[in-house]
Structures are given as structure tokens and as C-alpha cells.
Amino acid sequence: MSPEVKPDFLISPEGLRVDGRRVDEMRPIELKVGVLKQANGSASIRQGKTYIIAGVYGPRELHPRHLTLNDRAYLRVEYRMATFSVPDRKRPAPSRREKEISMVIANALKPALFLEEFPKAVVDVFIQVIQADGGTRCAAINAASLALADAGIPMRSLIPAVAVGKADGKLLVDLGDEEDKYGQGDVPMAIMPPTEEITLLQQDGSFTREELQEAMQMGINSCKYLHELQKEALRRAYVKKAPEDGNDDDDEDDFEDDLETDLGEAELMEDE
Amino acid sequence: MGDYSTETISHIDREFIADLLHKGERLDGRAFNEYRDLEIEVNVVAAKAEGSAIVRLGDTSVVAGVKVLVGEPYPDSPDEGVTMVTAEMSPIASPLFDLGPPKENAIELARVVDRGVRESETVDVKSLCIEEGKKVYMVFADVYPLEYDGNLIDASSIAVNAALLTTKYPEMKWEDKKVVATGEILSLPINNIAVEHTVAKIDNHLILDTILKEEFAQDCRLTMAIDRDDNFTAMQKGGGSGPMSLELVDQAMEMALEVHKDIYTAIEEAVKSVE
């Protein structure tokens, strides 16, 4: 019942978007690591008005058994929207959309994880969308990747994700709700920053080949920025804790180095 | 929640908890009639939900959101709106919760919290009528646990009440056989407020606001909804099949009455903070 009005234009004559952003500007992003005590790892993201919490359980025993993989852990992702996260109340049962998004998120995260370390187990990623305001699948990936790192699941790198799109003929990064609904197209994507390989790519709407090339380059640039925010959020969560429960023989600098190695990002840092 | 007592707690743990209680102590050092630290944050889903709240009770936390929709009334109450509370035991909240359709625990949680709201006539359903027999407001309050460390019922009840009290929705009227917005923003017609308090029984001891371990050790629990005038508007004995004597039930009611005002005041303060 929240009032929904279609804006007159998505790009103003001055070249600004409905919420005043430039075309290549992301919404304000707040990432927090370790927000849930029961989960083995967790993270929350606020991206504009979008608010999502991700919790990771595992590696743990897999039920039902028939899903077991003998050579690696099963990555189970459950993306769910709260009934009150959207303007009309969403029906509580999982929708086809939620199931598809759960699958593409799993595929986006999988390439970064060393799942072969945990044969026959399951790593559960539960994603709860508390408030949806565009770009939820990408925001969900940003949070889920942090939650996996927080759970200590070995990984090659964090996975940042962003939705690039088109409105009024212009390419935009990090689509908001109105741009998503009334724009001309949407390209959600996720990358593995060290190699810039793409792990999530979907598209709807209409783009020329050149537009898509440009859109994907914009996406990669934004993902790199997001990747920095993710690393910062991890550092905030762990460096702060170091004096209390870190090993006595580790000083804080060592701890930070260990963190980078754990993330498999030592090489990337040297490049910079 | 529920009857995990035989499955997931060792006899040693159970005995340890019971022994502590005999000495007048609890695992986390609280008094028997003491709630954990309570934090209520309202309007957390301000952009999409008509009302919302996150409640943290120690390490248990839940988020509740209210959606107000326009729908058709039930045939047997054509001039009354509808209120409904649902709850899901989302697996994000605990390693004990499984994926899949709601199990009996989740259904019990939803129905117990729902009864607290409904039986106390918290929302004046007559005022939720737009046009008799045609259109009424339907108020859905949905609860999602985020962290489960015991006593989901009380946390959910507090969250639902805080969300209902802060709900703002656009007024509708019946014109030319359809529903149109008047442009006014309304608060829900609130008649009463009933908060639920859950007391667990372990041997002959009663304790309020159990943490998870205590919940595993409990023989049973008794949930009581108490309204503004200290009337009991709903009760539920659950969480195990242990019997309870009349004396213990009476003692439980007294415990609930003692803490009721404090919880009620905490909700009121949280609501006031946004007015």
C-alpha cells in the first residue's frame, strides 16, 4: 500500500538520476560483518533503502542425504524476501523468482569457494531480504560473500556484485527500484576481482552489443570499488577483535597479513 | 521452542541447570523473574512496510513487519477488517531450524502471538471497515526470527505490538464502486495492547524469559498475554508435556503480572521515540 508513482523522467535534463546520483555513482552502502550470533558467519548490507541479512551455517552434515556430493561440499543458497519487504505484501511461500535467484546466487559464489575441502558436507547460505528497493540479488551476493568469509569458508576471493542498467538511453550503475521497474534494461553481474572473471551475468531489456560491452566494463569498475568496501568491512570486524581473542604471539600487523592470505588476495594487494 | 528436551540436551546439562535453580541461580546469573536486556527499534523497514520493529532480547532477535492491504471481508463479519499474525522459523536464525514449509513449532509461534493480538482486541476491527460487505483493511503482521536463543514467543509479541503501534497507512474510501485514496495517513485504531510473557517450568521452579539451554531443559512452558488493565487475554501451555499444578500456574501468573508493566513501558517508549 505504499504509494507507487512512476517518475516523469529517470534522467533529469542536468544528467542526474531520480535520487540525484550521477550515472556512475553507487548508492550509499553500509556493510557489517558478524551481525548474527547463532550463525557461523553473517553479514548485513544496506544499499540505499535495500536491507539484507545473510547467515552462513556449516560446513555441516547434509540433510536430506540424497543431495550429498562425494568430492565436495554442497552449497545451498536460500534467498527469501520478507512479506513486508515490498510495496504489496509478498505471499509467504517461496516463489519461482526466489528459487531462481537462489540458484544464480549459488552459481555466482561457488567459483570462489574451496568446496572440495569439505566432501559430503553442506554449506548453507540463508539470505533474508528485509527491505527491497532494487538490486537485491546483487546486494545479497555482496553480503553472502562476506558472511562466507566470516564463517571461515576458504575462498579465493570475495565476490562483489552490482546491477548495471539503462534508463532514458543512458547506462547506469547500481539500479534503484524505479530505474529497475521503469528503465529499459538491467544487467546484474558479479565478478572475482583478482581475475575479473564474471560469475553472475543476467540481462533483460534491450541493449546493443556496444552498450553491453560498456555496461559490463562499468560493472567491473563498480565491483572493484565494492570489493574494497567488503575488505574494509571484514577488517573492521576482525582487527577490532584481535586484542581480545587473537593469539598472544600474534601482534596486530601479523593478524592483518593472515587475513589477506586467508582470502587468497595477497597477490592482488601486491599489484596495487 | 518445542519438545527438544529429550533429544538435544544431555542429562548432565539438564541436571546442572536444575541444580542451579535449586540453589536459586540461573545459567546467566539472572533472577528467576528477570528478563534479559530488551532493545526495541521501530520503523526499521520504513520505505516498504507500514509498520515494523526489530526486538532484541539478549541474544534472541526478531523482526516484525506490518502490511495494510485492502481486501474483501469474511462473509460472516462483513463490517470487520482482518488482522493476522504469521511467523516463519527462518533457518537463518538457528542451526536447529530446517528449510521447508512451516513445522508445528512455527505454526504454534504464529498462532500464539496471533491470539495475543486478536483476543485482546488490540486492533479495533470495526474501524477497519471501508464499505460494509465490500472492502475492508487487512492488517498482516509477519514475524521473522533472526537469532534464536530462546523465548521467541515473547520477543515476537513485543515486536508485533511495537510494529502495530507505529503502523501508518493511507486512508481509503468507497466511491463509485471502487476504492480510492483520500490522501490522509492514518494510524491503526488501537483499542488495547496485550504483551505475552512466557514462564518455563523446570522441576518445581518457574523462570521467565528462558535462554535456549533452559528451554531444552524445561518440562513445559506457560505463555500468558496480559493487557493494559492486567487482564489475561490468552494463554498457552506448550513446549513439552510436563504437567503443572494449579499452584504453579497461579505463581506463573503472578510472575507475569510483576514484569508486565516494565515490558509495556519499554514498548511505549520505543513507540514514542518516533512520534
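Placed above this text is the structure.
Residues numbered from 1 in each chain as written. Chains lettered and ligands numbered in written order. Predicted model: local features only at pLDDT ≥ 70, side-chain atom pairs only at ≥ 80, totals over all residues.

**Quick look at the overall build of chain B**
Okay, so step 1: Secondary structure assignment for chain B yields six helices and twelve strands.
Okay, so step 2: By the compact-globule yardstick of 19 Å for 275 residues, chain B fits well, its C-alpha radius of gyration being 20 Å.
Okay, so step 3: For chain B, the spread of C-alpha atoms along the principal axes amounts to about 70 × 40 × 35 Å. (Helix = DSSP H or I, 4+ residues; strand = E, 2+ residues; numbered from the N terminus. Rg over C-alpha atoms; globule rule 2.2 N^0.38 Å.)

**Concerning the interface of chain B and chain A**
Okay, so step 1: Facing 31 residues of chain B, the contacting portion of chain A comprises 28 residues.
Okay, so step 2: Of all elements in the fold, only β3 (60-71), β6 (135-147) and β7 (168-175) of chain B reach the threshold of two or more residues within the side of chain B that touches chain A.
Okay, so step 3: It is β3 of chain B that provides the largest number of residues to the side of chain B that touches chain A, a total of six residues.
Okay, so step 4: Among the residues making up the side of chain B that touches chain A, the classes are represented as 18 nonpolar, five polar and eight charged. (Contact = placed C-beta atoms within 7 Å. Nonpolar A, V, L, I, M, F, W, Y, C, P; charged D, E, K, R; others polar.)

**Topic: the sheet that holds strand β1 (residues 29-33) of chain A**
Residue and element names in this part refer to chain A.
Okay, so step 1: Across the sheet, which stays open at both edges, the five strands sit in the order β1-β2-β3-β5-β4 with mixed pairing between neighbours. For this open sheet the edge positions go to β1 and β4 (74-81), each flanked by a neighbour on one side alone. Averaged over all adjacent pairs, the angle separating strand axes in this sheet is 15 degrees, with direction ignored.
Okay, so step 2: In terms of strand pairing, strand β3 (residues 50-61) meets strand β5 (residues 121-131) through nine bridges, oriented antiparallel. What sits directly across from Ala 54, in β5, is Ile 127.
Okay, so step 3: Here helix α2 (residues 136-150) sits on the sheet in contact with β1, β2 (41-47), β3, β4 and β5, set at roughly 150 degrees to β2. (Pairing = 2+ DSSP bridges. Axes fitted to C-alpha atoms, helices over the stretch in contact; angles between N-to-C directions.)

**A look at the sheet that holds strand β11 (residues 220-227) of chain B**
Residue and element names in this part refer to chain B.
Okay, so step 1: Spatial strand order, β10-β9-β11-β12: four strands in an open sheet with antiparallel pairing. Two strands lie at the open edges of the sheet, namely β10 (205-208) and β12 (232-238), each paired on one side alone. Averaged over all pairs of adjacent strands, the angle between their axes in this sheet comes to 25 degrees, without regard to strand direction.
Okay, so step 2: Summarising the sheet, strand β9 (residues 194-202) and β11 pair through eight bridges and their orientation is antiparallel. Across the sheet, His 197 pairs through a bridge with Met 224, a residue of β11.
Okay, so step 3: Against the sheet, helix α4 (residues 152-165) touches β9 and β11, its axis set at about 175 degrees to β9.

**Considerations on the packing of helix α1 (residues 96-109) of chain A against α2 of chain A**
Residues and elements named next belong to chain A.
Okay, so step 1: Two elements in contact, α1 and α2, have axes separated by 10 Å at closest approach and are oriented at 50 degrees. As the angle between them shows, α1 and α2 are arranged oblique. As for how α1 packs across α2, the hand of that crossing is right-handed. Mapping the contact onto sequence places Ile 101, Val 104, Ile 105, Ala 108 and Leu 109 in α1 and Arg 137, Ala 140, Ile 141, Ala 144, Ser 145 and Leu 148 in α2. (Parallel < 35°, antiparallel > 145°, perpendicular 65-115°, else oblique. Left-handed = near helix turned anticlockwise from the far one by under 90°.)

**Examining the packing of helix α3 (residues 104-119) of chain B against α4 of chain B**
Residue and element names in this part refer to chain B.
Okay, so step 1: As a packed pair, α3 and α4 sit with axes 10 Å apart at the nearest point and diverge in direction by 45 degrees. Overall, the two elements α3 and α4 adopt an arrangement that is oblique. Crossing of α3 against α4: the hand is right-handed. Contacts between α3 and α4 involve Leu 109, Val 112, Val 113, Gly 116 and Val 117 from the former and Leu 152, Ile 153, Ser 156, Ser 157 and Val 160 from the latter.
Okay, so step 2: Residues of the contact of α3 with α4, tallied by class, amount to seven nonpolar, three polar and no charged.

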